[in-house]
Each structure stands twice: as C-alpha cells, then as structure tokens.
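# Summary of structural features
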Amino acid sequence: MVELKNRAGGMGEVAEVAGPYEVAPFGTALAELGKTMPHIVGVTADMGRYSDILPFRDAFPDRFFNVGMAEQDAIMVAAGLAKVGHVAFVATYSVFLTRRALDFMAIACAHSKADVKVMGGSPGLVNPYGGTHQALEDLAVMRMIPDVTVIDPCDATELKQVVKAAAETPGTFYIRNIRGKVPVTLDDSYRFEIGKSRVLREGTDVGIVSTGFMTARALEAADRAAEAGVSVGVLHVPTIKPFDTEGLLEFASRYPRLVTAENHLRAGGLGTLVVETLFDAQETRPVIRIGLRDRFHPCGSQDYLDRMFGLDTDSITEALVADRWDH
Amino acid sequence: MTDTTTRPSVSELTEIAHRLRRRMMRMAADKGEGYIAQGLGIADMLAAVYWSELQFDAERLDDPDRDRFLLSTGHYSIALYAVLAELGVLTDEETATYALNGSDLPMSAFDETPGVEITSGSLGHGLGQGVGMALGLRLKGSPATVYVELSDGELQEGSTWESAMAASSFALDGLWALVDCNGIQADGPMVMDIESVAVKWSAFGWSVEEVNGNDMAEIVAAFAALRDKPGPKAIILRTTPGWGVPTIVARDRAHFVRVHEDEWTKLLAELEENHG
C-alpha cells in the first residue's frame, strides 16, 4: 500500500530526529583527531558528501583521497596507505563496501592486520533506496572475516568515541556509520570500550540485548513495558566482534527471558551471537530475536520501513509484553 | 640495494638472472611442482629491478624510506623467494621448504615472509596497494619508489583498471607497473583477449615502454627511458614462460608444472647448458 504522505529519508541519513542530535559526528570527530594524529588519512569512493567525511577533508585536504566510483580501489588504496605508516579511514556506503569490496577488505586489509578503518555508511535498513542500497547482512559478513573488529555504535556520543578508539588501536575495523543528523541517546558519562558491552538499565522480567541505534529504541520500549508492568533490563553491545561473551552471560544469568534487537538480518548478527553463546555455555532460555527477515526490502522512508519490517519501538515493546514465550 | 651511480652491466644482470633461475629450479625440484614457468619468465625483470633499480638495504627491511617491490601475482612467489635468497634475506634451508606443509614460504605469497611486501594471490590486489603506498610515501615526503609486478591475466581483473586510473589521476611519479605478458593463464593461452596492452596503459595516462622481457638490454633500456618521466610508468614485458629451460618452454600446459622426480636433474642440466 502506498503512503501518500511519505517523506523520503534523503541520502541515507536518519530521516527524522526527535530530540537532541549532532550533525556529522564521524567527520567532526575525525577532523578533531586529525589535529593530533598527523598520520590519519581519509579515503572515499565518490561518497564524501554522503559519508560525513567532508569535515576531515576541509581540515586536511592533502590527507584526503577520493578515488571515484571504485570501492575495490578505495580499500586497496587505504591498505597501501596503512602499509606505509598511515591510519586510513575509508568512508562510503556499507552496502558497496561489504558486497563489492569484500575480498579486498579480507586480504589487502585484514590478512595483514592493516590499520584500515572501514566506515560503513547507511547500514541496515536506514537507506530509503531499497535492496540495492541496504546493507542488511554487513555485520554477518564482516564478523566472518578473521582479525576484523566489528562495531555498531548506538548514537552520536558513542560513534565519536568509537572513531577515536579505532584511530588509536592497531588493526582492521568495520564500523557502522550513521550520518547526517545523528541522535544523541547516551549521556556524557557513557564510555565506549572495544569488546565491552554496557548494562544501561537493570530489570527483573526480561533482558533486552541490543546493538546500534536499536539500543535507543530498546530503552524506549523498556519504558513502555514498565507501564505495562514488565520490568526490563537493557544490555548494549556495540562491539559485535570481539564479542563480550562474559558480559552477555553475566547479564543473561539475571533474566529468565531475553529479547535481542538489531538493525540487521536476524541471521548472522547479534541475535545469532547471543543464541550461540547461550547454547555453548549451556545457559539456554527463551529468546526472541528482533531483526530483519531473509528478503530484499523495498524503498521507503526509515520510519515506514521500520514499521513495516518490525524494527520500531512498538515491535520491541510488543515482544517484551506479549505472551509469546510459550511458542 | 642499488647504488645508482654504478648500476650493474647487462652481462652482470644476466648472470644474476641465471642464478635466480637456478634457485627457482632447485625449489621446484624439492617440491616436485610449482609455478616455475612464470618464475623463469620474469627472472630477467627481477634481476633488473632488484639489482639495478630498487634502493633498499636487505639488512633493514623495515626502513620506512625503502623502495618497495610488490608481487601482485602471488603464485609467482617462487621467483621472489629466489631473489630474497640471492640477497641473503632467506637462507638456503628456508628456500628448500618452498610450499611444503608448515613452511614460511607458501606457494602463494604472504607478507609474513621477510621481504615480501604484500599478501597476494587473489589477483588484482597489487596495483591499488601500490597506488596507496605511493600516495602515502609522497605525503610523508619520502623519496621511495613503488614497483608493482602484475601479469597479463590480471589485466582481466576490473580492479586493476580502477587502480591504473587512480595512479595517473593522482599523478604518481613514484609508481611503476611491470606487466608480465607471458600469454598464459590457468585455463591455457589467454582465454580473454587483453590486447593491445601498451595502448591501454597509455590511454589510462601512463608512460609506457614495451620490451622483450627476456632481453636484459631491452629491459635496462626501458627503465632508463622512463625513469625521468612524470606520472606513473609501465613496462610491458613480453616474456616466454619457462625461459632458460627449453623442455619447460615447449610444454603445452606451462601454467602449473609438475615434473617427475628424476626429470629435474635433466632440466637443471638444460638450464646450465642453455645459459652457457
């Protein structure tokens, strides 16, 4: 059914932001880091404008390279820059990197543990252009490559900290990059640490394990569930790899039931990791995995797609309060 | 390695190329198989690059200002190991383990091996990394030059042309492509026509020389003709797979050579006779 009042989400930014936000947190953070880390360089493949890297280009034009519409070359060039002593941030759309340039990320970057930080823009269901532009399997694909650190930040506060941590930590990173007006959900006291999950809320009935911006929705859903008499805890897992097995098991031990939430396929990402981890530890319990089904998705604004495919706060709330656990 | 004021003579380089071929043949004999035809084919180019062009100290492999040689065709590793052994970076004991289980000298090159700059083997990965290195070295004000070997088969990889385009667009004076055109690929003679090779590189904005890649005088002359040209430079080397060992040259299927144990003695003898 066509929604006649559909407001498009533009070029892959979060379409509408209620509440506080920051503009271009990735590029702003990188430009700031560039002042004290002269070996940081930036690479894009004709997506400078749409990957938020332009603040870095404007600050350091000599350290910025646009290779044109050539994602394979973007990754190779970044690998070459890294191998002569630079830290190379590559920013374009996630879908073009993780599908088209995968071999180059695996061999030119990860196999050599090269200091290449891949910023996957417009990840998951964010992009309004449909299946051609939506990277729904990027976390699954990237976590299968050895020696890649995989991170899905929650908001602008965390994204900036992730960029800094990646710049200061050797090795190949894949980071989901939300661009444009990026919501601020976490407060200033939040501290990101590679490989660590964070308990953002304690509860007693259900535990939500979430990653990326789904954590913001998980917190909202927890509030709504509380109104319905369900006490919900929230564990935020920004680092998909290396996975915080200990943090998950400790959190899970306090809840009889879990819900996972991710802006990604239900297969291969956070939900799969949680189930694998619980199974391996023989700590199985009921788990509902909120995520996307095995299909290509249509065009549409982000709020429309979220509603249609169950990533919105209502869908999480329903999973928390509905009596679906017997199934 | 090279003192540019006293480059070796053509005959000295030819002698070095012969020693490289001898080392490759021994490695292949120990393993019983290998990509020996390609190795023998580029021995002359390697001798010219490493002993007449490349500036680096074999005892300081991590010198940030070293010239770099990138072997984009990972399966030619046998040729690079021969060079590294001749330079003293690898020992004879190490080269004797070529492609054996547990060896540090795999059939397709990894950058964990001392002196090997990139992991290659998935083809079309070398030139782009060369572009990145040349950009990065220029940014740091380093005088170092980057030489990338690649093959005619690799010209079928689209990524190679993405990188060729970038090299001239970024006006990389410090980047060379050494294109080994030996006319064979895994499925036999070129299964997809990639000619005219020199015209293509030229159209992508490179300065180009085309030579007989098994004629040392022509190779040396090509380096001299291009050295002072601005932008990226390419030498198209027409080589004969197996050059130096007539029996291997005569093979129909030279892409991957497997030889019975007692035949190697004969082939090694051929190499020496042919050189004499």
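Residues numbered from 1 in each chain as written. Chains lettered and ligands numbered in written order. Predicted model: local features only at pLDDT ≥ 70, side-chain atom pairs only at ≥ 80, totals over all residues. Heavy atoms only, no water.

### Some remarks on the sheet that holds strand 11 (residues 232-236) of chain A
All names here are of chain A. One open sheet accounts for five strands, arranged 9-11-10-13-14; its pairing is mixed. Each edge of the sheet is formed by a strand with only one pairing partner; in this case those strands are strand 9 (198-201) and strand 14 (287-292). The average angle at which neighbouring strand axes cross in this sheet is 20°, direction not considered. As defined by bridge partners, strand 10 (residues 206-210) adjoins strand 13 (residues 257-265) across five bridges and the pair is classed as parallel. What sits directly across from Val206, in strand 13, is Arg257. (Pairing = 2+ DSSP bridges. Helix = DSSP H or I, 4+ residues; strand = E, 2+ residues; numbered from the N terminus. Axes fitted to C-alpha atoms, helices over the stretch in contact; angles between N-to-C directions.)

### Regarding the domain arrangement of chain A
Residue and element names in this part refer to chain A. In terms of domain boundaries, chain A breaks down into domain 1 (21-183) and domain 2 (198-321). Each of domain 1 and domain 2 has a C-alpha centre, and these two points are 25 Å apart. In this assembly, 30 residues from domain 1 lie in contact with 32 residues from domain 2. Of the roughly 2200 Å² buried between domain 1 and domain 2 on both sides combined, carbon and sulfur atoms contribute 58%. By the criterion of area lost to domain 2, the three top residues of domain 1 are Leu125, Leu136 and Arg143, representing 33% of everything that side buries. At the junction of domain 1 with domain 2, the criterion picks out one salt bridge. Linking domain 1 with domain 2 are 19 residue pairs in polar contact (both at pLDDT 80 or more), by the criterion used here. Those elements that place two or more of their residues in the side of domain 1 that touches domain 2 are helix 6 (138-143) and strand 6 (148-151). Split into classes, the residues belonging to the side of domain 1 that touches domain 2 amount to 16 nonpolar, six polar and eight charged. (Domains from an automatic or database assignment. Contact = heavy atoms within 4.5 Å. Buried area = accessible area lost by both parts, 1.4 Å probe. Salt bridge = Lys/Arg side-chain N within 4 Å of Asp/Glu carboxyl O. Polar contact = N/O pair within 3.5 Å; in protein donor to acceptor, adjacent residues only side chain to side chain. Nonpolar A, V, L, I, M, F, W, Y, C, P; charged D, E, K, R; others polar.)

### Let's talk about the packing of aromatic side chains
Following the criterion strictly, the structure yields 16 aromatic pairs over all chains and no others. A centroid spacing of 5.3 Å and a plane angle of 50° characterise the contact between B:Trp161 and B:Trp201, whose relative ring orientation is tilted. Taken together, the positions of B:Trp161 in helix 6 (residues 158-169) and B:Trp201 in helix 7 (residues 197-203) put the pair 40 residues apart, joining distant regions of the chain. Taking the relative accessible area as the measure of exposure, B:Trp161 reaches 15% and is therefore buried. Overall, B:Trp201 belongs to the buried group, its relative accessible area being 0%. Put simply, the rings of B:Tyr50, B:Trp51, B:Phe56 and B:Phe69 pair up and form one aromatic cluster. A cation sits over an aromatic face here: A:Arg63 above A:Phe60, 4.1 Å from the ring centre. (Phe/Tyr/Trp six-rings, centres within 6.5 Å; stacked < 30°, edge-to-face > 60°. Buried < 20%, exposed > 50% of the residue type's maximum accessible area, 1.4 Å probe, protein only. Lys NZ or Arg CZ within 6 Å of the ring centre and 35° of its normal.)

### Points about the interface of chain A and chain B
By a frequent convention, interface size equals the accessible area lost on bringing the separate parts together. Tallying the contact residues gives 25 residues for chain A and 25 residues for chain B. Summed over both sides, the interface of chain A with chain B buries roughly 2000 Å², with 64% coming from carbon and sulfur. On the chain A side of the contact with chain B, A:Met76, A:Val84 and A:His111 bury the most area, a combined 28% of that side's loss. Seen at the junction of chain A and chain B, the total is zero salt bridges. The tally of links between chain A and chain B comes to nine residue pairs in polar contact (both at pLDDT 80 or more). Elements with a minimum of two residues in the side of chain A that touches chain B: strand 3 (64-66), helix 3 (71-83) and helix 5 (102-109) of chain A. Here the side of chain A that touches chain B gets nine residues from one element, more than from any other, and that element is helix 3 of chain A.

### Looking at the sheet that holds strand 7 (residues 207-212) of chain B
All names here are of chain B. The strand order 2-3-4-8-7 describes an open sheet built from five strands, whose pairing is parallel. The open sheet is flanked by strand 2 (68-71) and strand 7, the only strands paired with a single partner. Strand-to-strand, the axes of this sheet are offset by a mean angle of 20°, without reference to chain direction. By the bridge criterion, four bridges tie strand 2 to strand 3 (residues 146-151) in an arrangement that is parallel. Its bridge partner being in strand 3, Leu71 is matched across the sheet by Glu149. Running at roughly 160° to strand 2, helix 2 (residues 36-53) makes contact with strand 2, strand 3, strand 4 (175-181) and strand 8 (233-238) of the sheet.

### Describing helix 7 (residues 156-168) of chain A
All names here are of chain A. A rise of 1.5 Å per residue sets the reference length of helix 7, with its 13 residues, at 18 Å; its end C-alpha atoms lie 19 Å apart and thus fit the reference within 8%. When helix 7 is considered as a whole, its buried residues turn out to be Ala156, Thr157, Glu158, Leu159, Val162, Val163, Ala165, Ala166 and Ala167. Measuring from the side-chain oxygen of the N-cap residue of helix 7 to the backbone nitrogen of Thr157 gives 3.2 Å; that N-cap residue is Asp155. (Expected span 1.5 Å × (residues − 1).)

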